[in-house]
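# Working through the structure, step by step
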Amino acid sequence: MPSLPSPDELIFFVNGRKVTEKKADPEANLLFYLRKVLRLTGTKYACGGGGCGACTVMVSRYNPKTKSIHHFPATACLVPICSLYGAAVTTVEGVGSIKTRIHPVQERLAKCHGTQCGFCSPGMVMSIYTLLRNHPEPTPEQITEALGGNLCRCTGYRPIVESGKTFCAESTVCQVKGSGKCCLDREERSFANRQEKICTKLYDEDEFQPFDPSQEPIFPPELIRMAEDPNKRRLTFQGERTTWITPVTLNNLLELRASFPKAPLVMGNTAVGPSIKFRNEFHPVFISPLGLPELHFVNTTDAGVTIGAGYSLAQLNDALRFIVSEQPKEKTKTCRALLKHLRTLAGAQIRNMATLGGHVVSRPNYSDLNPILAAGNATINLISKDGQRQIPLNGPFLERSPEANLKSEEIALSVSIPYSTQWDFVSGLRLAQRQENAFAIVNAGMSVKFEDGTNIIKELQMFYGSIGPTVVSASQSCKQLTGRQWDDQMLSDACRWVLDELYIPPAAKGGMVEYKRTLIISLLFKFYLKVRQGLNKMDPQNFPDIPEKFMSALEDFPIETPQGLQMFQCVDPYQPPQDPVGHPVMHQSAIKHATGEAVFIDDMPPIDQELFLAVVTSTRAYAKIISIDISEALELPGVVDVITAEDVPGDNSHQGEILYAQNEVICVGQIVCTVAADTYAHAKAAAKKVKITYEDVEPKIITIEQAIKHNSFLSAEKKIEQGNVEHAFKYVDQITEGEVHVEGQEHFYMETQTILAIPKREDKEMVLHLGTQFPTHVQEYVAAALNVPRSRIACHMKRAGGAFGGKVTKPALLGAVSAVAASKTGRPIRFILERGDDMLITAGRHPLLGKYKIGFMNNGVIKAADVEYYINGGCTPDESELVLEFIVLKSENAYYIPNFRCRGRACKTNLPSNTAFRGFGFPQATVVVEAYITAVASQCNLLPEEVKEINMYKRISRTAYKETFNPEPLRRCWKECLEKSSFYARKLAAEEFNKKNYWKKRGLAVVPMKFTIGIPMAYYTQAAALVHIYLDGSVLVTHGGCELGQGLHTKMIQVASRELNIPQSYIHLSETSTTTVPNAIFTAGSMGTDINGKAVQNACQILMARLHPIIRKNPKGKWEEWIAKAFEDSISLSATGYFKGYQTNMDWEKEEGNAYPYFVYGACCSEVEVDCLTGAHKLLRTDIFMDAAFSINPAVDIGQIEGAFIQGMGLYTTEELKYSPEGVLYSRSPDDYKIPTVTEIPEEFYVTLVHSRNPIAIYSSKGLGEAGMFMGSSVLFAIYDAVAAARRERGLTKTFTLSSPATPEVIRMTCVDQFTDMIPRDDPSTFTPWSIRVS
Ligand SMILES: Cc1cc2nc3c(=O)[nH]c(=O)nc-3n(C[C@H](O)[C@H](O)[C@H](O)COP(=O)(O)OP(=O)(O)OC[C@H]3O[C@@H](n4cnc5c(N)ncnc54)[C@H](O)[C@@H]3O)c2cc1C
Ligand code: FES
Ligand code: FES
């Protein structure tokens, strides 16, 4: 290797401040640098791979040529700091802060209720802020586009988009589709005859400070001077292991390229970065030519356009848009095809970072652009020290044939895209699990050139992505088809030949083999239709148009900006104005979320001597541990210790949950040991060096089916039975039997599990800070592991960046693992799970198998049901038994079936232990119920909604376990939902649509819900609170509940404000801790507000009773005066409040009980459109009617409902966990696990809180944290309805079952047609599939 010059100083600006880094490490990324070096912790880590947007910052650069400043969003986790020389970075702290001034973007995000846990909020702020810097008055479409790369797991996006829309020039008032008027008018009328007044404003726009774009900080003049300096010189940065070189001239670059032929050219770093991070690539030298002006240009000639390789994909998009607007349509077919894919490729951040050159040269197999560029006959202009040359961007190049490749010393200078001609057609086609920001499952670029004036193929090209290790060309088939006419016979031959040529082996990596085969020809068919339509437009005489019914097959679903309305009961006009109860009060921490000032665990400053922990996890599902060799790991720099089961002073297996594996491993992902080191990088490097030898043990049980076969269960069967099921089956008209599979779900809370464990010097005390739903549980596990009394363990919980059930039990285990490390090393431990480890280790929702036998009459009345549920519990008990109990108790849902038997078992398998997840089994089990109702409807020739209505509880009744309830609110929600959503009219309209469209189908479904909150054990619903009044009158409220983003603390402040009759501003809530409120139960089961609210209320009432004599004596006095007087009178100003809990119980022997305190009802209608050729679907509209009784905070409650609905929709449609047959979880990042993004939410979204009474709960409210989840299944059943319409049209009338999730794969393969018939099928006994279903 040639010698390198001495390192330079790295100079860039962050938030207007100059940063001079003398030892810039090429391996350090901006996220790390911001958080750990500059201590700007507003920018968050949530995935590390560019896929979530939590780390979004704005990067600004000055262009000395154009004298303009370019602002763009970037994901800091993929920005090497060395690439920032001369750039200005703006983070959320630089946008605004509470200490100085909050920015309108931050204010509006908070006030529009666009934050819940707040972990995604800084990223959201930065995406909108950057957009505003470039477009101060953006369009709603630009807002949606800007947010496409930002994930939020809490809100359901609607309020975030809405906050952005407040900056749009055009009216933000909703327009009901096509009508040009606001849906509010319509709804107000429809509610006019009601007693109560309905409100629709969750915030007041008049409160917003105006946005003045001229007030933004200026670009640092020093950076302008640096950029304009004519004597710029090459820069070199030297790290611990690597060197970074930034050339300043092209010649310089070419020399470097020749000297370091293996060094990657780091452009956007969106391919190089992830390869280093996730695939362990190592490069000693990086060359960074990003700033070279020679790589940044657009050149148009008569023949086409040439675009510099350094253009980002966003700049490419702008350039192509300009060309398309300037040139005649026929010349820009390739450009338009590229534009279409550029809209959905990754998110805005990646599109602004990734470059054309990097994309083309790195040739990912999923590339969205290369297949189109190849089909459009693009060429790559190369340059090296030896000169320039052009190579075609064709099949051999994409397939990486050595002779078609770049030479090692060459770089791509630009890409030339020729204009299309009149008789050319070029198209880009793609299908992904989700519309935006998801790699394609299959994509394609296709082009055909005809002999002028004919439909005779002169040249045909087809390139497919994602079906093999590279983009592949169907060149043989294309050759064979040359000279053929563009007709049905050609299509039929083309399909057969292409399938032959592009054979995907049955066990291919990535799975979905039959689906991919189907897509190959379905996309080809789409292209065929498009070309036929094009030919017809050019010469209608000679080329007939495609059938009208096929027209809708041509277009992909458009990305619309969502709109809608939220309706709730207005506050009683006689309520005192100071009383906040019932008002849509903003989340207590919302502003802090939006400014990045809310402190999450890893935002806490380093503690002296602290160590980082990295985990070593099992790679085997079931094996004996033969040996653990830690010697190499211990020798690495910075490593302090390796901790194993041997080091646990107390219980290594508490209540069946194992901290460190001992002697054997029972799942892939089980923690075997941890490494403690001075930095995370060192800990991780050492963890990779730990060598474990295993000996596999049989049988290894992965699926429910295998567990049943081996009789492997975690607990005894649970059963509820009423009536006489066997007898009833004898007297029914029909019986239907079936099986429903519902796969699991990853919590994907944005903040991964993070723990700070601090050992104290005295008395074996240990302090833990962590984001948990159950601090008491952590305390218990840590005490057991360390073998100390619980009184020595203090757990502090301020907030969690989302939890959804995933932080009920798992933090205890991880807390204990950290505490053991802290105890052994005697040093504080910071344990932050990387996203991949979090997904692998902590598991999620239980996969479920439901088997049903239903007896019913021809009129749809169900007489008997015999249902069996199996859940995949994983390898340890966790909460599986309880989940199963909930399933058995709740799964009757809204239906009365006189003869009903429901049984369930929790299976023990060699998967990581599944755990609590919002809804706790209900969302899975009720899919089975709705599935059998739908099956009955199908067999009775009725609508499912009719069968639901017939069998729904109608009057005061008893559940199957004999709990009495009044379903009146259920009936009301159901009725209103049918009426207000115009269900029957829209159903007819959908049928009309379906008659006219063969390849696109619409479907609607309404689901009713009877849900219960709480838990059947009275002591598990007790709660306590501690309220202190200080002498200045300020009040500190503490209670046992945890703030997870659900607004619990906000509601508690509302409660305290009402009870103490003081403004909310007097009341503070700091944290939840085992030291203030002992033995608190978990915050879960939708009862956080219910039980903690009662405890806070109780404490406040105690205090008010003490103050009462003073107030009576001085009724006109002020709060502060009363408090001062109370102190003078020696009255205690601190009180403990207590709620004994709901008196629930369940007797499993007798199969009866008052299992739950009350019921929450609801109904939801969704309408979808399905693309039968690809399996994609679009959610057109959703109407939710939720029985909220009296809402303490409608903004929080609607936020919970919408967020849960979108999370449910994810469960039932796009979220798919993939496991190998060996029990290895493949889906460990946002790249391969797709939670909904802003593009998935309903185009029209209406949520109504329905008023009822619930005297048992505080202020007659209801717990709504989980109920919305199941509403998402209306999307699943709407998809079912659409697919059923497709199947009927194709002559398939038999009832079918759609499993969950209804992914594009499931939808496409259920819409059986000539293409699914044509693909080769494999005999399952002849191969081992890449992935298996575990439900
Ligand atoms: C979260 C995420 C989502 C994504 N989603 C999609 C998607 O949906 N569809 C899709 O198609 N792609 C997607 N991508 C991939 C993305 O398009 C590519 O990573 C990107 O285009 C690569 O460009 P880059 O500038 O970042 O390359 P870099 O990572 O900087 O470089 C990549 C490689 O190209 C070489 N190289 C770069 N420029 C040149 C040059 N001028 N001459 C010679 N060699 C060069 C480098 O040596 C290096 O080996 C996604 C990426 C991420 C991180
Ligand atoms: S942390 Fe950077 S994109 Fe997810
Ligand atoms: S508020 Fe968006 S992830 Fe929690």
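So, how was this worked out
Think of each chain on its own: its residues are numbered from 1, step by step along the sequence as written. Chain letters and ligand numbers both follow the written order, the letters beginning at A and the numbers at 1. The model is predicted, so local features are restricted to residues of pLDDT at least 70 and side-chain atom pairs to those at 80 or more, both for listing and for counting; the totals for chains, interfaces and linings are taken over all residues. Note that the side-chain values use all heavy atoms of the structure and ignore hydrogens as well as water. The numbering of helices and of strands both runs from the N terminus, where a helix is a DSSP run of H or I of at least 4 residues and a strand a run of E of at least 2. In this description the radius of gyration comes from C-alpha coordinates, and the expected globular size is given by 2.2 Å times residues to the power 0.38. A 1.4 Å probe rolled over the protein chains alone gives each residue an accessible area, and that area as a share of the maximum for its type sets the label: buried under 20%, exposed over 50%, partly exposed in between. Each accessible area is a Shrake-Rupley estimate made with a 1.4 Å probe; only the visible protein chains count as cover when residues are assessed. Should any heavy atoms of two residues lie within 4.5 Å, those residues are considered in contact. Here a residue is near a molecule or strand as soon as one of its heavy atoms is found within 4 Å of it. Pairs of N or O atoms within 3.5 Å make up the polar contacts considered here, provided that, within protein, one atom can donate a hydrogen while the other can accept it, and that residues adjacent in sequence are counted only when both atoms are side-chain atoms. Classes in brief: Ala, Val, Leu, Ile, Met, Phe, Trp, Tyr, Cys and Pro nonpolar; Asp, Glu, Lys and Arg charged; the others, Gly included, polar. A strand pair is defined by DSSP finding two or more bridges across the two strands. Whenever a helix is involved, its axis is fitted only over the stretch in contact; in every case the axis is a line through C-alpha atoms, and angles between N-to-C directions fall within 0 to 180 degrees. Helix span is expected to be 1.5 Å times the residue number reduced by one. Any angle that is under 35 degrees is reported as roughly parallel, and any over 145 degrees as roughly antiparallel; angles of 65 to 115 degrees are reported as roughly perpendicular and all others as oblique. Each crossing gets its hand from how the near helix is turned against the far one by less than a right angle, where anticlockwise is left-handed and clockwise is right-handed. Note on definitions: salt bridges are taken to be side-chain nitrogens of Lys or Arg within 4 Å of carboxyl oxygens of Asp or Glu. Pairs of cysteine sulfur atoms within 2.5 Å are identified as disulfides in what follows. Ring pairs shown here join Phe, Tyr and Trp side chains whose ring centres sit within 6.5 Å, with only the six-membered ring taken for Trp; geometry is labelled stacked below 30 degrees between planes, edge-to-face above 60, and tilted in between. Criterion for a charge above a ring: Lys NZ or Arg CZ within 6 Å of the ring centre, and within 35 degrees of the ring normal.

Counting its secondary structure elements, the chain contains 40 helices and 47 strands. Expected size for 1335 residues packed as a compact globule is a radius of gyration near 34 Å; at 31 Å, the chain falls within 12% of this value. Taken over the C-alpha atoms alone, the chain extends approximately 95 × 80 × 70 Å along its principal axes. With 1335 residues in all, the chain has 65% of them scored as buried. For the chain, the computed accessible surface area is about 47200 Å², with 51% contributed by carbon and sulfur atoms.

Turning to the side chain of D1187, a few remarks are in order. In this structure, D1187 sits in strand 46 (residues 1177–1187). Under the relative-accessibility criterion, D1187 is labelled buried at 0%. Sequence-distant contacts of D1187, that is, excluding residues within four places in its chain, are made with P969, C973, F1159, V1160, Y1161, V1250, S1252, K1262 and L1264.

The environment of ligand 1 is made up of 33 residues, and the closest members are M267, T270, V272, T355 and D368. H359 is positioned with one of its side-chain polar atoms (N or O) 2.9 Å from an oxygen atom of ligand 1. When the free accessible area of ligand 1 is taken as 970 Å², the share hidden by the protein chains comes to 95%. For the shell around ligand 1, the secondary-structure elements that each account for two or more residues are helix 14 (356–362) and strand 14 (411–418). At five residues, helix 14 tops the list of elements feeding residues into the shell around ligand 1. Taken together, the residues that form the shell around ligand 1 break down as 19 nonpolar, twelve polar and two charged.

On to the sheet that holds strand 7 (residues 235–238). The strands that make up a sheet pair up through hydrogen bonds in the backbone, lying either parallel or antiparallel. Spatial ordering of the open sheet is given by 7-8-9, a layout of three strands whose pairing is mixed. The open sheet is flanked by strand 7 and strand 9 (285–287), the only strands paired with a single partner. Across the sheet, the mean angle from the axis of one strand to that of its neighbour is 15 degrees, orientation sign disregarded. Of the pairings in the sheet, the one linking strand 7 to strand 8 (residues 243–246) comprises four bridges and is antiparallel in character. Looking across to strand 8, one finds that T236 is bridged to I245.

The α-helix winds at 3.6 residues per turn, so residues separated by three or four positions along the chain end up facing the same way. Between its first and last C-alpha atoms helix 26 (residues 810–825) spans 23 Å; for 16 residues at 1.5 Å apiece the expected length is 22 Å, and the two agree. Most of helix 26 is tucked away, with 14 of its 16 residues classed as buried. At the exit of helix 26 stands G826, carrying a positive phi of roughly 70 degrees.

Closest axis-to-axis distance for the helix 18 (residues 488–501)/helix 19 (residues 513–538) pair is 10 Å, and the angle between their directions is 150 degrees. Our classification of the angle between helix 18 and helix 19 gives roughly antiparallel. Between helix 18 and helix 19 lies a crossing of right-handed hand. Residues D488, M490, L491, A494, C495, V498 and L499 of helix 18 lie in contact with helix 19, whose contacting residues are R517, I520, I521, L524, F525, Y528 and R532. Split by residue class, the contact of helix 18 with helix 19 holds eleven nonpolar, no polar and three charged.

Structurally, the position occupied by K718 is in strand 28 (residues 718–722). Given the relative accessible area of 10%, K718 is considered buried. A polar atom in the side chain of K718 sits 2.9 Å from the side chain of E881. Within the local environment of K718, its side chain forms a polar contact with the side chain of E885, the two groups lying 3.0 Å apart.

Let us look at unusual backbone geometry. Negative phi is the rule for most residues except glycine; trans is the rule for most peptide bonds. Note that the residue after E698, namely P699, is joined by a cis bond; omega there is -5 degrees. Assignment of secondary structure puts P699 in the loop between strand 27 (691–696) and helix 23 (704–709). Residue P1301 is bonded to the preceding S1300 through a cis peptide linkage, with omega at 5 degrees. Along the chain, P1301 falls in the loop between helix 38 (1273–1289) and helix 39 (1304–1310). In the Ramachandran plot, M512 falls in the positive-phi region, its phi being about 50 degrees despite a non-glycine side chain. Structurally, M512 is set in the loop between helix 18 and helix 19.

Here the focus is the environment of H583. Mapping H583 onto the fold places it in the loop between strand 19 (563–569) and helix 20 (590–595). Sequence separation of H583 and V732 is 149 residues, and the distance between their C-alpha atoms is 51 Å. Leaving out residues up to four positions away in the same chain, H583 has contacts with V571, Q575, Q1054, I1192, N1193 and P1194.

Opposite charge on two side chains lets them pair, provided their charged atoms get close. Under the defined criterion, the tally for this structure stands at 70 salt bridges. A salt bridge links D602 to R35; its shortest N-O distance comes to 3.3 Å. With D602 in the loop between helix 20 and strand 20 (611–617) and R35 in helix 1 (residues 30–37), the pair connects residues that are 567 residues apart, well separated along the chain. For R35, a relative accessible area of 7% translates into the label buried. A salt bridge links D866 to R903; the nearest nitrogen and oxygen atoms lie 3.3 Å apart. One end of the pair, D866, is in strand 35 (residues 862–874); the other, R903, is in strand 36 (residues 899–908), with 37 residues separating them in the sequence. Here D866 falls in the buried class, since its relative accessible area comes to 13%.

Attention shifts here to the state of the cysteines. One pass over the structure, following the stated rule, counts one disulfide. Here C199 pairs with C570 through a disulfide, and the sulfurs are 2.0 Å apart. When the S-S torsion is 120 degrees, as for the bridge of C199 with C570, the disulfide is right-handed. With C199 in strand 6 (residues 198–199) and C570 in the loop between strand 19 and helix 20, the pair connects residues that are 371 residues apart, well separated along the chain.

What follows concerns the packing of aromatic side chains. Tallied over the entire structure, the rule returns 39 aromatic pairs. A centroid spacing of 5.3 Å and a plane angle of 85 degrees characterise the contact between F774 and F1082, whose relative ring orientation is edge-to-face. Residue F774 is found in the loop between strand 31 (766–770) and helix 25 (775–786), and its partner F1082 is found in the loop between strand 43 (1072–1073) and helix 34 (1088–1113); the two are separated by 308 residues along the sequence. This pair shows no difference in class: F774 is buried, exactly as F1082 is. A connected cluster of aromatic rings, assembled from ring pairs, spans F425, F450, W486, F525, F527, Y528, F550, Y998, W999 and F1315. Its end group placed over the ring of F1011, K890 keeps NZ or CZ at 4.2 Å from the ring centre.

Geometric values such as these leave the question of function open.
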